[in-house]
Amino acid sequence: MSDTPDRAAVEREIRSMIAEAARLDETFVAELPADADLFGPRIGLTSLAGVALLGAIDRRYGVDVAALDLSLDSLQSIATLSDFVTARLRPS
């Protein structure tokens, strides 16, 4: 049995991190569609909030998104970020 979180668990945690970084209600972020743009009008992530989000992801999962995704395409939406992080997790 693997200790690696499944994709759904990763997405739930990332949604919570997004809510904290963007200073939004967790319930609101939890109910957004997975394809919601991180920098779009519903989430409105700023560059400073984006840095905070990436730091939280690195601390929690050990995935340095900025170093691994130079184009930052993974920051398009909740789904792309969750997929990117999940694909790079290793069993502990």
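You'll find the structure just up there.
Residues numbered from 1 in each chain as written. Predicted model: local features only at pLDDT ≥ 70, side-chain atom pairs only at ≥ 80, totals over all residues. Heavy atoms only, no water.

1. Some words on the packing of helix α1 (residues 7–22) against helix α5 (residues 78–87)
Formally: Fitted lines through C-alpha atoms give the axes, limited to the stretch in contact for helices. The angle between two N-to-C directions lies from 0 to 180 degrees. Helix numbering and strand numbering both begin at the N terminus, where a helix is a DSSP run of H or I of at least 4 residues and a strand a DSSP run of E of at least 2. Any angle that falls under 35 degrees is termed roughly parallel, while one over 145 is termed roughly antiparallel, one within 65 to 115 roughly perpendicular, and all others oblique. By the definition used in this description, the sense in which the near helix is turned from the far one sets the handedness, with an anticlockwise turn below a right angle giving left-handed and a clockwise turn giving right-handed. Residue contacts are counted whenever heavy atoms from the two residues lie within 4.5 Å of one another.
Where α1 meets α5, the closest approach of the two axes is 9 Å, and the angle between their N-to-C directions is 125°. Taken as axis vectors, α1 and α5 run oblique relative to one another. For α1 against α5, the interelement crossing comes out right-handed. Taken together, the residues of α5 that come into contact with α1 (itself represented by R7, V10, E11, I14, R15 and I18) are I78, A79, L81, S82, D83, V85 and T86.

2. Regarding unusual backbone geometry
Negative phi characterises most residues that are not glycine, and trans characterises most peptide bonds. For clarity, the cut-off: For every residue, the accessible area obtained with a 1.4 Å probe (protein chains only) is divided by the maximum for its type, and the residue is called buried under 20%, exposed over 50%, and partly exposed between those limits.
Residue R23 is not a glycine yet carries a positive backbone phi of 60°. Position of R23 among the secondary structure elements: in the loop between α1 and α2 (26–31). Even without being a glycine, L72 presents a positive backbone phi close to 55°. Among the residues examined, L72 registers a relative accessible area of 35% and is labelled partly exposed.

3. Comments concerning the nonpolar core
Soluble globular proteins tend to pack their nonpolar side chains together in the buried interior. Operational definition: For our purposes a nonpolar core is just a set of buried Ala, Val, Leu, Ile, Met, Phe, Trp, Tyr and Cys residues, chained together by side-chain atoms within 4.5 Å.
Grouped together as the largest cluster of nonpolar side chains are 27 residues, with contacts concentrated most on I43, I57, Y61, L81 and V85. Broken down by element, this core gets its largest block of residues, seven residues, from α1. When neighbours within four sequence positions are excluded, I57 is seen to be in contact with M17, G62, V63, V65, L81 and V85.

4. Re the packing of α1 against helix α3 (residues 47–61)
The cut-off we apply is this: Classification used: nonpolar for Ala, Val, Leu, Ile, Met, Phe, Trp, Tyr, Cys and Pro, charged for Asp, Glu, Lys and Arg, polar for all others including Gly.
As a packed pair, α1 and α3 sit with axes 9 Å apart at the nearest point and diverge in direction by 140°. In this structure, α1 meets α3 at a crossing whose hand is right-handed. Here A9, V10, E13, I14, M17, I18, A21 and A22 of α1 come into contact with α3, specifically with A49, A52, L53, A56, I57, R60 and Y61. When grouped by side-chain class, the residues that make up the contact of α1 with α3 number 13 nonpolar, no polar and two charged.

5. Thoughts on the side chain of S77
Note on placement: S77 falls in the loop between α4 (65–68) and α5. If we ignore the near neighbours within four places in the chain, the residues touching S77 are A34, D35, A36, D37 and L38.

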